[in-house]
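Single-letter residue listing:
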Amino acid sequence: MTSLAEQPRYDCRNAYVKTLADLAHNDHRIVGVVNDSVGSSKLDAFKKAFPDRLINVGIAEQDMVGVAAGLANGGRIPFVSAASCFLTARALEQIKADVAYSDRNVKLCGMSPGMAYGELGPTHHSIEDIAWLRAIDNMVIVVPADPVETAAAMRWAAVTEGPVFIRVSRMSVPQVYPDNYEFRPGKAITIREGNDVTLISNGTVLWRALVAAEQLAADGIQARVLSMPTVKPLDVDAVVAAAAETSGIVTAEEATRAGGLGGAVAETLAERHPARMKILGVPEFAPTGSAGFLLDRYGMAPAGIAASARELLT
């Protein structure tokens, strides 16, 4: 069987725009709202197919979220597409008050999250978005790992009432899930069985965790790999089971170490089942450099994840 490290890579934005067009074709309520980001969101084909259903507010993220909330109030289902760093930082108040608190049926799609804009540096890194939105009530947070999961999460969001945030990766990733994968909110997926140590990941780092598990298996260490696409709500039962059945948990994510997936897992363990744990993420304002280089820098190369797992077993 070919390792994921050797398989073709895909830009999840392509799955995003195809799925959005399919949804819009079947449901007239689906609309797109963007902040002068038609190109970077790859929405040119959507704009051509549905010229009256793509609202471009210009570089005005607060207005963008407010417009989306108004559209939702009028019965539309807006998918808001914008660079995650600007969507979540500039419009945080509107996300909190106009979308979450008001319980509007708005789908916030954070494009090119994490460190996908690597060479543009800390102003464009979106490593805090999950932590910010986790602190807001009434917000589902989804971090898909591949194009299949991106499309599945969008289809689920389109038929589910309420606020949702979906990260849409720009950094190319291999396909992890089969074509018939069905997204289930709040449920972890056991991608690899193991009773020695647990690796919990999502987004662009999940495939790296799987390769790390392959490396550990070569040394006789059986790592359980849990995909946790929904950071909020978290699959608490899967986390507690991992803590009870293995010798420790490593979380790995393309986000800040504080308040993201690692924070959610740590909070669960502290309350339900204390266990040894290692949180891999970004501990600082990450410098410029490609996303792959930066992930490796912060211990999220497959070898780095495997090394953290070994530390828990010593």
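Residues numbered from 1 in each chain as written. Predicted model: local features only at pLDDT ≥ 70, side-chain atom pairs only at ≥ 80, totals over all residues. Heavy atoms only, no water.

Colleague: I tried to follow the overall build of the chain on my own but got confused; where do I start?
Modeller: Along the chain, the regular secondary structure elements total 12 helices and 12 strands. For 314 residues, the compact-globule estimate of 2.2 N^0.38 gives 20 Å, and the chain sits close to it at 19 Å. Reported as C-alpha extents along the three principal axes, the dimensions of the chain are approximately 60 × 40 × 40 Å. Within the chain, the proportion of its 314 residues that are buried is 59%. Across the chain, contacts joining residues at least 24 apart in sequence account for 78% of those joining residues at least 6 apart. Approximately 12500 Å² of the chain is accessible, and the part contributed by carbon and sulfur atoms is 50%. Charge-centre separation for the chain: the mean point of 29 positive side chains lies 2 Å from the mean point of 35 negative side chains. (Helix = DSSP H or I, 4+ residues; strand = E, 2+ residues; numbered from the N terminus. Rg over C-alpha atoms; globule rule 2.2 N^0.38 Å. Buried < 20%, exposed > 50% of the residue type's maximum accessible area, 1.4 Å probe, protein only. Contact = heavy atoms within 4.5 Å. Areas by Shrake-Rupley, 256 points an atom, 1.4 Å probe, with all protein chains shown as cover. Lys, Arg positive; Asp, Glu negative; His and termini not counted. Charge placed at Lys NZ, Arg CZ, Asp CG, Glu CD.)

Colleague: Got a minute to help me understand the pattern of salt bridges in this structure?
Modeller: Two side chains bearing opposite charge may form a pair once their charged atoms approach each other closely. This model, assessed by the stated rule, comprises 11 salt bridges. For R310, the salt bridge goes to D219, with nearest N and O atoms at 2.6 Å. Of this pair, R310 sits in helix 12 (residues 302-313) while D219 sits in the loop between helix 8 (206-218) and strand 9 (223-227), and the two are 91 residues apart along the sequence. Its relative accessible area of 29% is what places R310 among the partly exposed residues. When salt bridges with common partners are traced through the structure, they connect D11, R13 and K42 into a single cluster. (Salt bridge = Lys/Arg side-chain N within 4 Å of Asp/Glu carboxyl O.)

Colleague: Explanation requested: the sheet that holds strand 11 (residues 249-256) in the structure shown.
Modeller: Strand pairs in the sheet, formed through backbone hydrogen bonds, run parallel or antiparallel to each other. Read from one edge of the open sheet, 5 strands run 7-9-8-11-12, paired in mixed fashion. In this open sheet, the two strands that pair with only one neighbour each are strand 7 (189-192) and strand 12 (277-282). Recorded for the sheet is a direction-independent mean angle of 25° between the axes of neighbouring strands. In this sheet, strand 9 lies alongside strand 8 (residues 197-201) in parallel orientation, the contact comprising 5 bridges. (Pairing = 2+ DSSP bridges. Axes fitted to C-alpha atoms, helices over the stretch in contact; angles between N-to-C directions.)

Colleague: What exactly am I supposed to notice about the packing of helix 3 (residues 61-73) against helix 5 (residues 92-101) here?
Modeller: Relative placement of two packed helices is described by the angle separating their axes and the distance separating the axes. Where helix 3 meets helix 5, the axes come as close as 9 Å, and the angle between the chain directions of the two elements is 5°. With respect to their mutual orientation, helix 3 and helix 5 come out roughly parallel. Packed against helix 3, whose contacting residues are Q62, V65, G66 and A69, the element helix 5 presents Q94, I95, D98 and V99 at the interface. Counted by class, the contact of helix 3 with helix 5 contains 4 nonpolar, 3 polar and 1 charged residues. (Parallel < 35°, antiparallel > 145°, perpendicular 65-115°, else oblique. Nonpolar A, V, L, I, M, F, W, Y, C, P; charged D, E, K, R; others polar.)

Colleague: So what exactly am I meant to see when it comes to the nonpolar core here?
Modeller: Within soluble globular proteins, side chains that are nonpolar tend to cluster in buried spots. Within the largest apolar cluster, 67 residues are counted, with the highest numbers of intra-cluster contacts made by Y16, L43, F79 and L199. Looking at this core element by element, the count peaks at 8 residues for helix 8. Once residues within four sequence positions are removed from consideration, L199 is found in contact with A209, A212, A213, A223, R224, V225, L226, V250, I305 and A309. If you look at the next biggest cluster of nonpolar residues, it comprises 37 residues, including V65, V80, A82 and L269. (Core = buried A, V, L, I, M, F, W, Y, C linked by side-chain atoms within 4.5 Å.)

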